[in-house]
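# Structure at a glance
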Amino acid sequence: MRASSENYKGIEYVRISSLSVDQKNRIYQSFNHKLIINILKDDAVMNDCLQYQHYIIWYENVYKAIIKEKHIEATSNAPVLSLAFK
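If you're wondering where the values come from, they're calculated on a predicted model, not measured in any experiment.

Following the criterion strictly, the structure yields four salt bridges and no others. With a closest N to O distance of 3.4 Å, Glu-60 and Arg-2 form a salt bridge. In this pair, Glu-60 sits in helix 2 (residues 52–76) while Arg-2 sits in the segment before strand 1 (6–8), placing the two residues 58 residues apart along the sequence. For Glu-60, a relative accessible area of 33% corresponds to the partly exposed category.

Below you can see the structure in the form of structure tokens.
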């Protein structure tokens, strides 16, 4: 499921730590780490943020393809059932 964005001082972002475990792992495996940004909010540094537009591009072009491939793999590996008697 696609995450919703947060907004701070006009920066629309998503925190990697707030994503599902699967998305978190896949982002760290497939995402350009130079695009991970830091946001200083209330004297705390959030160092796991992605601009929302980058997250959406990744989600639509990478994550959905992985999920689709996983679904195809799961259905193609299903055992073929046949009747034991005629």
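Tallied over the entire structure, the rule returns five aromatic pairs. Taken together, the aromatic side chains of Tyr-52, Tyr-55, Trp-58, Tyr-59 and Tyr-63 make up a single cluster linked through ring pairs.

Before going further, it helps to spend a moment on helix 1 (residues 21–30). Count 3.6 residues to each turn of an α-helix, and residues three or four apart come out pointing the same way. All buried positions along helix 1 are accounted for by Gln-23, Arg-26 and Ile-27. Axial view of helix 1: buried residues confined to an arc of 105°, hence all on one face. Residues of helix 1 that are exposed and point more than 90 degrees away from the buried face comprise Val-21 and Gln-29.

For the rest of this paragraph, the subject is the sheet that holds strand 3 (residues 36–41). Taking strand neighbours across the sheet as the criterion, the four strands line up as 1-2-4-3 in an open arrangement whose pairing is antiparallel. Strand pairing shows two members of the sheet lacking a second neighbour, strand 1 and strand 3, which therefore form its edges. Sheet twist, expressed as the mean angle between neighbouring strand axes with direction ignored, is 60°. Of the strand pairs in this sheet, strand 3 and strand 4 (residues 44–51) are connected by five bridges, and their pairing is antiparallel.

Cut-offs applied
- Residues numbered from 1 in each chain as written.
- Predicted model: local features only at pLDDT ≥ 70, side-chain atom pairs only at ≥ 80, totals over all residues.
- Heavy atoms only, no water.
- Salt bridge = Lys/Arg side-chain N within 4 Å of Asp/Glu carboxyl O.
- Helix = DSSP H or I, 4+ residues; strand = E, 2+ residues; numbered from the N terminus.
- Buried < 20%, exposed > 50% of the residue type's maximum accessible area, 1.4 Å probe, protein only.
- Phe/Tyr/Trp six-rings, centres within 6.5 Å; stacked < 30°, edge-to-face > 60°.
- Arc of directions from axis to C-beta.
- Pairing = 2+ DSSP bridges.
- Axes fitted to C-alpha atoms, helices over the stretch in contact; angles between N-to-C directions.

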